[in-house]
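Listed below, chain by chain, are the residues.
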Amino acid sequence: MNPDYDYQIKIVFTGAQQTGKSYTLNKMTGRNEGQIDLYVPTIGVDLVIKRIQVAVHNKIYNIKLQLWDTAGQERFQNFVNVYYRNASGIFLFCDVCKQGSFKKCNQLIEQIKEYNQEDAQVMLVGNKIGTERAVSVDEMVTFAQNQNIMFTELNTENNDENNILERMVKCVIHQILLDKENGKQTKQGDGVLI
Ligand SMILES: Nc1nc2c(ncn2[C@@H]2O[C@H](COP(=O)(O)OP(=O)(O)OP(=O)(O)O)[C@@H](O)[C@H]2O)c(=O)[nH]1
Ligand SMILES: [Mg+2]
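The structure presented is a predicted model; accordingly, all values stated were derived computationally and were not measured. (Residues numbered from 1 in each chain as written. Chains lettered and ligands numbered in written order. Predicted model: local features only at pLDDT ≥ 70, side-chain atom pairs only at ≥ 80, totals over all residues.)

**Considerations on the site of ligand 1**
Move 1: With respect to spatial proximity, 19 residues lie near ligand 1, and among them Gly20, Ser22, Tyr23, Thr42 and Gly72 are the closest.
Move 2: Ranked by the residues each element gives to the shell around ligand 1, the list is headed by helix α1 (residues 21-29), at three residues.
Move 3: Residue composition of the shell around ligand 1, grouped by class: four nonpolar, 12 polar and three charged. (Near = placed C-beta within 6 Å. Helix = DSSP H or I, 4+ residues; strand = E, 2+ residues; numbered from the N terminus. Nonpolar A, V, L, I, M, F, W, Y, C, P; charged D, E, K, R; others polar.)

Here it is in structure tokens:
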């Protein structure tokens, strides 16, 4: 039976605790509607499926997204690392009000490099803008440039979360198409990435 999607894409949300990973994912997917502001620490990982359509080079793609929400608490770190495997996209969250959460990105990016062999598209997300900030845009831009990853600031009050998701998915599809063009037999090139 043919699947009802063109690509299945795994995207992981990572970052220090309370950086707003689950909050953002809830807004993207409608999960836990009504209790979205409550802080309930993620225990281990959660999986949410979302289907979207995106246009790349004038073609519409049906995408099945596996969105993996991971725990930021240190005690889960080893457990979480395993989930970077086979991911095509990784959101690396930082709370712009907390320097500690930005420092943690140094550690997390090394773990991503170690556990993700697929060269996932990584996007640093400066979250909670609009509150008193402790991390400057310059610091985050420099980090993103040095690590050769994407960068965005996120204002969920403007419903920006779906824009960053679409941007991520488009980047992943571009990479899949590029790999195909170059005859690179990646898992992505097979059309299904789990
Ligand atoms: N002001 C503000 N608060 C936010 C924003 N995003 C999340 N929060 C709040 O931050 C707290 C933590 O959010 P979570 O999304 O649960 O944090 P998390 O990163 O999933 O944390 P762990 O699961 O422990 O790793 C919650 O109380 C949210 O309401 C934001 O953009 N602005
Ligand atoms: Mg969480």
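Structure's up, so let's keep going.
**Observations concerning the pairing of strand β5 (residues 121-127)**
Move 1: Within β5, seven of the seven residues are buried, which leaves it mostly tucked inside the rest of the structure.
Move 2: Burial of β5 is two-sided: the residues Gln121, Met123, Val125 and Asn127 facing one way and the residues Val122, Leu124 and Gly126 facing the other way are all buried.
Move 3: Looking at chain direction, strand β4 (residues 89-95) and β5 are connected through seven bridges and run parallel. Paired with glycine 89 across the bridge in β5 is glutamine 121.
Move 4: Where the polypeptide runs from β4 across helix α3 (residues 99-115) and back to β5, its parallel neighbour, the crossover connection is right-handed.
Move 5: Here four bridges tie β5 to strand β6 (residues 150-153), and the two strands are oriented parallel to one another. Each residue of the ladder has a partner; that of glycine 126, found in β6, is glutamate 153.
Move 6: Following the backbone out of β5, through helix α4 (residues 137-147) and into the adjacent parallel β6, one traces a crossover that is right-handed. (Buried ≥ 20, exposed ≤ 12 C-beta atoms within 10 Å, placed from the backbone. Pairing = 2+ DSSP bridges. Right-handed = clockwise from strand over helix to strand, strands pointing away.)

**What to know about the sheet that holds β5**
Pairing between the strands of a sheet comes from backbone hydrogen bonds, and it takes one of two forms, parallel or antiparallel.
Move 1: Within the open sheet, the six strands sit side by side as β2-β3-β1-β4-β5-β6. Their pairing is mixed. The outermost strands of the open sheet, each flanked by one partner alone, are β2 (45-56) and β6. Strand-to-strand, the axes of this sheet are offset by a mean angle of 25 degrees, without reference to chain direction.
Move 2: The pairing of strand β1 (residues 7-15) with β4 spans five bridges and is parallel. Bridge pairing links phenylalanine 13 to phenylalanine 91 in β4.
Move 3: Its contacts with the sheet place α1 against β1, β2, β3 (59-70), β4 and β5, and it is angled at close to 145 degrees to β3. (Axes fitted to C-alpha atoms, helices over the stretch in contact; angles between N-to-C directions. Contact = placed C-beta atoms within 7 Å.)

**Remarks on helix α5 (residues 161-181)**
Move 1: With 21 residues, α5 extends 31 Å between its outermost C-alpha atoms, agreeing within 8% with the 30 Å of an ideal straight helix rising 1.5 Å per residue.
Move 2: When α5 is considered as a whole, its buried residues turn out to be Glu161, Leu165, Met168, Val169, Val172, Ile173, Gln175 and Ile176. Buried residues of α5, viewed axially, fall in a sector of 155 degrees; they line one side. Every exposed residue of α5 that faces more than 90 degrees away from the buried side is listed here: Asn163, Leu178 and Glu181.
Move 3: Buried residues belonging to α5 abut β1, α1, β2, β3, β4 and β5.
Move 4: Of the residues one or two after α5, glycine 183 is the one with positive phi, at around 65 degrees. (Expected span 1.5 Å × (residues − 1). Arc of directions from axis to C-beta.)

**Quick word on the nonpolar core**
Move 1: Counting residues in each nonpolar core, the largest one holds 42 residues, and the members touching the most others are Ile11, Ile90, Leu92 and Cys94.
Move 2: Looking at this core, the elements with two or more residues in it are β1, α1, β3, β4, α3, β5, α4 and α5.
Move 3: Among all residues touching cysteine 94, those that are not within four sequence positions of it are Gly15, Thr19, Ser101, Phe102, Cys105, Leu124, Val125, Gly126, Asn127, Val135 and Met140. (Core = buried A, V, L, I, M, F, W, Y, C linked by C-beta atoms within 7 Å.)

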